[in-house]
Amino acid sequence: MKFSFVSDLEAHLRDAFGTDDLTVPAELCPPNFAGDVTINCFLLAKPLRRNPMQIAEQVAAYLAKHPDVQQAEAIKAFVNVTVAGGAVMRDTVADEAALLGAVTLPEADQRKVLIEFSAPNTNKPQHLGHVRNNTTGMAIASLLERVGNTVSRINLVNDRGVHICKSMIAYQRFGKGITPESVGKKGDHVVGDFYVRYDQEFRKQLSALKEAKPELAEKSSDELFLETEIGRATQDMLLAWEKGDPEVRALWETMNGWVFAGFAETYRRMGVEFVHTYLESQTYMLGKDIIEEGLAKGVFYKRPDGATVIDFEDPTLGSKVVLRSDGTSVYITQDLGTTLLKQHDYQPDQQIWVVGDEQIYHFRVLFAILKALGYDWADNLVHMAYGMVNLPTGKMKSREGTVVDADDLFDELDNLAREATLERAGADVPEDLDERARVIGMGALKFMLLKVNPKTTMMFDPQASLRFEGDTGPYVLYAYARISSMLRRAGDAALAGEVDWSVLGAKEEKSLALRCAQYPEIMHKAAANLDASLVTGYLLDLAKDFSKFYQACPVLAAETPALVRARLELAARVRTLLGDGLRALTIGTLESM
RNA sequence: GCUCCGGUAGCUCAGUUGGAUAGAGCGACGGCCUCCUAAGCCGUAGGUCGUGGGUUCAAUUCCCGCCCGGGGCGCCA
């Protein structure tokens, strides 16, 4: 927020104290104090080397005489300033293009960013955890784009490995040749069902094994995996896959095809899009050459047991194996390879991974290795770690069937939004009911997930999530729709000609305009911190300020045409910002609700 | 054991370079539709900011100890 009176005050103070380069911080005045804007003089005490109370007195005395200022009151070290309505409007919302334009960063600060998110496995459908990832990834990507960066969204699908073999084995044994079409089910769910079926069979064999050999009772299921018949069969299938066995490959292609078709549908409903999807089946062999290179450079060394390792200087990183003693890759080897591949393919200034916080250590190691290998861009790699989603009943566990399925959740929210819409519509069933239900349901879900700070482990209460009142996406959508409705009623002619902003000055009008003025800085901060919750919080504040204004100040029925015009114009600004902000979070809007 | 994240109202969460009397939503209670969409607005109740020290004019915020909860520390991914 930049006000003329603040600039004048800065010039005055620089002059009076002989200081260069002084910036005066102007904040919104807290609601329990009288004023619009507050100057915190504690922050001026150091640069001016004066007692903050004295500065406050001086600031208040200067501002009291300023033409834009109606009242300036010093309380302790704070100066609460009541600004003339016209001046507030002139310095905040009058120039819409300038307000929106300020969101775009200067060219020198714009970056080319590559963001990877979603990264699902092809053995089961997506659940609420993936939904948080997808929503966060899309929101961060479009937020970064909105402030002027060039963003490439990519996915890296884990389409090979033991997990998919499990589903394949179960399908071979229990599938009876069904297809998604024959059972009328999404392909990812069909494959996921076999993954669950596999686990049942494995458990069965495991308990039989433990019964036969009581000495194994204490062993973990991982340790006993190859002791079971189905475990060995799975291992054999994995090896056959790696050798390119035609039959195994054909089944793999078929089942992955089902999963991808299912994912496409889930992504479509969420509005998730990627410029490219890397497949692990095509990249898993990458990375070994980098190990060779690092070995030659002395970054890695071969341990007596044959494993290739790196010892970090940082004791919290310790030591990490990068190649097994048999020469095969580990997880991090592949990740080194794909990181280089992505760097080569896109030449980004920065790579971002949206991956759960349980992998924080993994990424620290990954980045440290790349740094040790001498890649200067390794300093710009970012793991955007986000927290898990828990349910009131506890953690989500696929095997225990306690996951909230993404598609089911979408359906449920869609239905509730439809009911809520019909309930409010009365006899007039809207023609675009489907569209409304979709936007409201998905908007409610995304907004709720984005509202909490990404790094916090969040609690998802399915019951509470189905409500559309209070601090929710629909609340914001509702404010948007009401303004749209007002503008429709007013007609285009109502927005023609000059606006006399000086007719505004009610506290609700000023608060609203001041809130609008915060938009660019909020967007910058959210983008810089990769934190979409700053935007949701802001949009709620803006929508609340609008609702208060709307309650207190009649717009279309205002006393004079000039007042109608100015209030309508102010409301239009709010609508523009709400739409812009929601779009930056990949949440759609509605013209009527 | 080492390490990372968290502990704020009954519940879910804000509070980010240390600043005024710690906020919101839900839930509870009480008001507001002859008036631009009540998915709304207004009010009441609800807090030793986990705990004990320290730094500071000023600490929910920074530092240290402790308690509680969660994650991570593999030749798994």
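Structure shown above.
Presented here is a report on the structure given in the accompanying data block. Quick caveat: nothing in here was measured; it's all calculated off a predicted structure.

Strand order in this open sheet of four strands is E1-E2-E4-E3, and the pairing throughout is antiparallel. Sheet topology places strand E1 (26-28) and strand E3 (69-75) at the edges, where each strand pairs with a single neighbour. In this sheet, adjacent strand axes meet at a mean angle of 30° when their direction is disregarded. Relative to strand E2 (residues 37-40), E1 is paired through three bridges, and the arrangement is antiparallel. For Glu-27, the partnering residue across the bridge sits in E2 and is Thr-38. Strand contacts of helix H3 (residues 52-64): E3 and strand E4 (78-83), with the helix running at about 170° to E3, the strand carrying the most contacts.

What follows covers the packing of helix H7 (residues 162-174) against helix H11 (residues 246-270). Across the interface, H7 lies against H11 with an axial gap of 10 Å and an inter-helix angle of 105°. Taken together, H7 and H11 sit at an angle that is classed as roughly perpendicular. In contact with Ile-164, Ser-167, Met-168, Tyr-171 and Gln-172 of H7, H11 contributes Val-248, Leu-251, Trp-252, Met-255, Asn-256 and Trp-258.

Attention now moves to the protein's contact with RNA strand B. Close to RNA strand B lie 58 residues, the nearest being Phe-78, Arg-324, Lys-395, Tyr-478 and Tyr-550. Within 4 Å of the protein, the contacting atoms of RNA strand B are 59% sugar and phosphate, with bases supplying the remainder. In the model, a phosphate oxygen of RNA strand B is placed 2.9 Å from a nitrogen or oxygen of the Arg-424 side chain. Met-459 places a polar main-chain atom, nitrogen or oxygen, 2.6 Å from a phosphate oxygen of RNA strand B. When residues of the surface near RNA strand B are traced back to their parent elements, those giving at least two are E2, E4, helix H16 (406-425), strand E14 (458-459), helix H19 (473-490) and helix H22 (533-552). Residue composition of the surface near RNA strand B, grouped by class: 25 nonpolar, 16 polar and 17 charged.

A word on the packing of helix H20 (residues 507-517) against helix H23 (residues 561-584). Relative to each other, H20 and H23 sit at 35°, their axes nearing to 10 Å. Here H20 runs over H23; the crossing is left-handed. Across from Glu-509, Leu-512, Ala-513 and Cys-516 in H20, the residues of H23 making contact are Arg-567, Leu-570, Val-574 and Leu-577. Classifying every residue of the contact of H20 with H23 gives six nonpolar, no polar and two charged.

On to the side chain of Thr-283. Within the fold, Thr-283 resides in helix H12 (residues 280-283). Excluding its chain neighbours within four sequence positions, the residues that come into contact with Thr-283 are Leu-156, Tyr-278, Thr-338 and Leu-341.

Let us now look at the pattern of salt bridges. Enumeration according to the criterion identifies 37 salt bridges in this entry. Glu-10 serves as the salt-bridge partner of Lys-2, at 3.2 Å between the closest nitrogen and oxygen. We note a salt bridge from Glu-569 to Arg-565, for which the minimum N-O separation is 2.6 Å. Residue Glu-569 and its partner Arg-565 are located together in helix H23, separated by four residues, close to a single helical turn. In this pair, the class of Glu-569 matches that of Arg-565, namely buried. In the salt-bridge network here, residues are joined through shared partners; they are Glu-96, Arg-565, Glu-569 and Arg-573.

The next thing to look at is helix H14 (residues 331-346). Taking 1.5 Å per residue as the helical rise, H14 with its 16 residues ought to reach 22 Å, and the 23 Å between its terminal C-alpha atoms agrees with that figure. Within H14, burial applies to Ile-332, Thr-333, Gln-334, Asp-335, Leu-336, Gly-337, Thr-338, Thr-339, Leu-340, Lys-342, Gln-343 and Tyr-346. Where H14 ends, the next residue or the one after it, Gln-347, has phi of about 50°, a positive value.

Our focus in this paragraph is the sheet that holds strand E12 (residues 381-386). Strand order in the open sheet formed by five strands is E7-E6-E5-E11-E12, and the pairing between neighbours is parallel. Sheet topology places strand E7 (276-279) and E12 at the edges, where each strand pairs with a single neighbour. On average, each strand axis in the sheet is inclined to that of its neighbour by 25°, with strand direction left out of account. For strand E5 (residues 112-116) and strand E6 (residues 150-157), the ladder comprises five bridges, and the chain directions are parallel. Looking at E6, one finds that Val-113 is bridged to Val-151.

With a phi close to 50°, Lys-76 is a non-glycine residue in the positive phi region. Looking at where Lys-76 falls in the secondary structure, it is placed in the loop between E3 and E4. Phi is positive for Thr-586, which is not a glycine, with a value near 60°. Along the chain, Thr-586 falls in the segment after H23. Judged by its relative accessible area of 19%, Thr-586 falls in the buried class.

Reading guide: rules and limits
Position numbers for residues start from 1 in each chain and track the written sequence from start to end. Chains and ligands are labelled by the order in which they are written, letters from A for the one and numbers from 1 for the other. For this predicted model, a pLDDT threshold of at least 70 governs which residues receive local features, and a threshold of 80 or more governs which side-chain atom pairs are given and counted, while totals over whole chains, interfaces and linings are taken from all residues. Here the side-chain values reflect all heavy atoms present in the structure, with hydrogen atoms and water set aside. For two strands to count as paired, DSSP must find a minimum of two bridges between them. Elements are defined by DSSP. Helices are runs of H or I of four residues or more, strands are runs of E of two residues or more, and each kind is numbered from the N terminus. All axes here are fitted lines through C-alpha atoms, helices being fitted over the stretch that makes contact, and every angle between N-to-C directions spans 0 to 180 degrees. What makes two residues a contact is simply this: any of their non-hydrogen atoms within 4.5 Å. Relative orientations are named as follows: roughly parallel for angles under 35 degrees, roughly antiparallel for angles over 145 degrees, roughly perpendicular for angles from 65 to 115 degrees, and oblique for any other angle. We call a residue near a molecule or strand as soon as one heavy atom of that residue lies within 4 Å of the molecule or strand. In protein, a polar contact means a hydrogen-donor-capable atom and an acceptor-capable atom, both N or O and within 3.5 Å, with residues adjacent in sequence counting only if both atoms are side-chain atoms; elsewhere, any N or O pair within 3.5 Å suffices. Basically, the charged four are Asp, Glu, Lys and Arg, the nonpolar ten are Ala, Val, Leu, Ile, Met, Phe, Trp, Tyr, Cys and Pro, and anything else, Gly included, counts as polar. Left-handed describes a crossing whose near helix is turned anticlockwise from the far helix through less than a right angle; right-handed describes the clockwise counterpart. Counted as salt bridges are all cases of a side-chain nitrogen of Lys or Arg within 4 Å of a carboxyl oxygen of Asp or Glu. Burial classes follow relative accessibility: with a 1.4 Å probe on protein chains only, a residue under 20% of its type's maximum area counts as buried, one over 50% as exposed, and anything between as partly exposed. Helix span, as expected, comes to 1.5 Å for every residue beyond the first.

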